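Structure at a glance
The lines below spell out each chain.
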Amino acid sequence: LKSPAASPVLRLLVLMVPCGSEEVDEAIKSAHGAYLKWRKMAGMERARVMLEAARIIRERREKIAKLEVINNGKTITEALVDIDIAWQCIEYYAGMAGTLAGQHVQLPGGAFAYTRREPLGVCVGIGAWNYPFQIASWKSAPALACGNAMVFKPSPMTPVTAVILAEIYKEAGVPDGLFCVVQGGAETGTLLCHHPMVAKVSFTGSVPTGKKVMEMSAKGVKQVTLELGGKSPLLIFKDCELENAVKGALMANFLTQGQVCCNGTRVFVQREIMPQFLEEVVKRTKVIPLGDPMLDGTRMGALISKPQLEKVLGFVNQAKKEGARVLCGGEPFVPSDPKLKGGYFMSPCVLDNCRDDMTCVKEEIFGPVMSVLPFDTEEEVIRRANNTTFGLASGVFTRDISRAHRVAADLEAGTCFINNYNISPVEVPFGGYKNSGFGRENGQVTIEYYSQLKTVVVEMGDVESLF
Ligand code: NAD
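A few points on the structure. Sequence order as written defines residue numbering, which begins from 1 separately in each chain. Two thresholds apply to this predicted model, a pLDDT of at least 70 for residue-level local features and 80 or more for giving and counting side-chain atom pairs, whereas whole-chain, interface and lining totals are computed over all residues. The side-chain numbers reported here are obtained from all heavy atoms of the structure, hydrogens and water having been left aside.

Quick notes on unusual backbone geometry
- The phi torsion at N353 lies on the positive side, around 60°, for a residue other than glycine.
- Only DSSP runs of H or I covering at least 4 residues are called helices, and only runs of E covering at least 2 are called strands; the numbering of each starts at the N terminus. Assignment of secondary structure puts N353 in the loop between β11 (349-352) and α13 (359-362).

The structure is reproduced here in C-alpha cells:
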C-alpha cells in the first residue's frame, strides 16, 4: 500500500509505520474492488496467475530466503525450506482452483437443484513472526484459489517478506489490491477484525490473542480460522529405533530456535531407554552449530527479540527452581564474530528431572528448551500427554505398528507424527484441537474454510401454491 518503489530504505521506513483506520479502510476497499474482478475469472485463469506467482517465488527463492533470515533470525537453510513450502502451497491451490465444483441434485417432477462453491469475499490474514513468508502464503493461496481477496497483516516483528509476496502476486497478474499488506500490531489487527466489509479472519498467533480475534469476529458474524499455540507431546517407546527417535526429538524442539507452534516440547521417554536417550540427545544438542544465520553450516540462529530471549531464559530459571536439571544449554550465547554480538542467541537446552506439574512442562515456552519426562506404560503416557489445554500436534516413536496407530488415535491433537516430527507437506491439513484452535490450513479441506455453498433450486413445472 502506497509503498514508494524507488528507494529500498524509504520502503523499509514505510513498513515500520502502523496502519491506522484510514489505511485499513483503504486496503479493504481496494481488496473488495479487486475481489469483484477476481471472483468472475474462471478457476483455470486464476490458476494460471497463481502458477506464475509460484514460478517467480521459485526463481527468487534465494533472495527471498535471505530477506527472511534478516526478517526473522532463522538460518538460511531453514528459510530456504520455508520459501519452497510457500511456492509449493501456491502451486497446490492453483491446481485446485479449476476443480471447484458443486453438486447436481435431482428433485421430484423434473425439478432439480445445484450447488455452487462461491468465495467469501475479503478475507483477513493475521500472522505470527516465526514463519512470516510461509504463513502469508498458507493463508493467501487457498483464499485466492477460491476467488477471495486477502488483506494480510504480518507481525510487526517481521514486516518485510509479506510485502515481497504482495509484489510477486501483482507481478504475476492478480488485480491491483487483491492481496494487500497492512502493517501494525494489535491496534491495526483490531481494526481489521472489526471492519464490516471483512468476511473472514484467519489468525495465527497466541491463544490469548486468538480469543480476542474470535470475540471481535463474533460481533460481525465473521468466519474464523485460529492457528494457535501448543505444548505438544512426543512419546518415545522403548521399542523405537533410538537414533531416529533422537533425531526426531531434535527436529521437534530446535527448528527456528524452538519458536515453532507445533513443537514436541514434552518429550516422554519410556524409563528403560532413558539413559541412552539422554546421552545421545545431549551429545547432539551440544554440537548444534549456532551463530551467523546466513552461513550454510549454521543450524540455529537468533531468537526474535530481547524480550523473547529473556522470557525463554526465565522459563529455564524457573524450571531449575522447580527441581529440573539442566543437562546442557539454557544460557545466552555470544558468538565470537563481533558483528553478531548484539544478536539474541541462546544455547539449546535439554531439561530432565521434569514433572508434569512444572511450569516448563505446562506452558508454551517458544524457545529452544526440551523437557524430558519418564513414563512406564502406554495407558499412563497417553493420559499424561492429553492432560493439557493445548492440542496442536503430537508424535510417537515405536516399531510396533499396532501401537503406533492406537496411540495416534488416542492422542488429542490435530496432527500425530509417527516415527518423525515437524514435517508439514502442503497436501495434508494442519490445525489444532482444544485451545490450539480450529479450522485447518493446507490440504483439500481448506477450500471449505475459504468458500461457501450456494444452493440453487430450479422448478420445471407450475408453482403449487397453498394459497
Ligand atoms: P501474538 O498472538 O502476539 O501475535 C500474532 C499476531 O496477532 C500479530 O500479527 C499481532 O500483531 C496480532 N495481534 C496482536 N494483538 C491483536 C489484537 N488484539 N487483534 C488482532 N491482532 C492482534 O503471537 P506471536 O507472538 O506473533 O506468535 C507466537 C504465537 O503464535 C505462539 O503462541 C505460537 O504457538 C503461535 N503460532 C501458531 C501457529 C499455528 O499454526 N498454530 C503458527 C505459528 C505461531
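Notes on the environment of E78
- On the secondary structure map, E78 appears in helix α5 (residues 76-97).
- Contact partners of E78, with chain neighbours within four places excluded, come to Y131, F254, L255, T256 and R299.
- For E78, the side chain forms a polar contact with the side chain of T256, separated by 2.7 Å. We call two residues contacting when some pair of their heavy atoms lies within 4.5 Å. Polar contacts here mean pairs of N or O atoms no more than 3.5 Å apart (in protein, one a potential hydrogen donor and the other a potential acceptor; neighbouring residues in sequence count only if both atoms are side-chain atoms).

Notes on the packing of aromatic side chains
- Planes of paired rings set the category: under 30 degrees apart is stacked, over 60 is edge-to-face and the rest tilted, where pairs are Phe, Tyr or Trp rings (Trp by its six-membered ring) whose centres lie within 6.5 Å. Counted under the stated rule, the structure contains eight aromatic pairs.
- For the pair W129 and F366, a centre-to-centre distance of 5.4 Å together with 75° between the ring planes defines the contact as edge-to-face. Placement of the pair is W129 in the loop between β3 (122-126) and α6 (132-145) and F366 in the loop between α13 and β12 (369-375), with a sequence separation of 237 residues.
- W129 sits in the buried class, given a relative accessible area of 15%.
- Seen from their ring centres, F237 and F375 are 5.2 Å apart, and the 80° between their planes marks the pair as edge-to-face. Of this pair, F237 sits in the loop between β8 (233-236) and α10 (242-254) while F375 sits in strand β12, placing them 138 residues apart in sequence. The classification of residues rests on relative accessible area computed with a 1.4 Å probe and restricted to protein chains. Under 20% of the type maximum is buried, over 50% is exposed, and intermediate values are partly exposed.

Let's talk about the nonpolar core
- With 115 residues, the main nonpolar core has I236 and F277 as its most contacted residues.
- Once residues lying within four places of it in the same chain are set aside, the contact partners of I236 are A245, V267, F268, V269, Q270, I273, F277, F375 and F397.
- By convention a nonpolar core is built from buried Ala, Val, Leu, Ile, Met, Phe, Trp, Tyr and Cys residues, the set being connected through side-chain atoms within 4.5 Å. Counting 28 residues, the second-largest nonpolar core is a separate cluster that includes A324, V381, I382 and A385.

What to know about the pattern of salt bridges
- Criterion for a salt bridge: a side-chain nitrogen of Lys or Arg within 4 Å of a carboxyl oxygen of Asp or Glu. Applying the stated criterion across every chain yields a total of 29 salt bridges.
- Across the pair R355 and D357 runs a salt bridge whose closest N-O atoms are separated by 3.0 Å.
- Judged by its relative accessible area of 41%, R355 falls in the partly exposed class.
- The class of D357 is partly exposed, set by a relative accessible area of 48%.
- Ionic pairing is found between E412 and K434, a salt bridge with its closest N-O pair at 2.7 Å. Here E412, found in the loop between α15 (401-410) and β14 (415-418), pairs with K434, found in the loop between β14 and β15 (437-438); they are 22 residues apart in sequence, far enough to count as distant.
- Linked through salt bridges whose partners overlap, the residues forming this network are D239, E378, R403 and R406.

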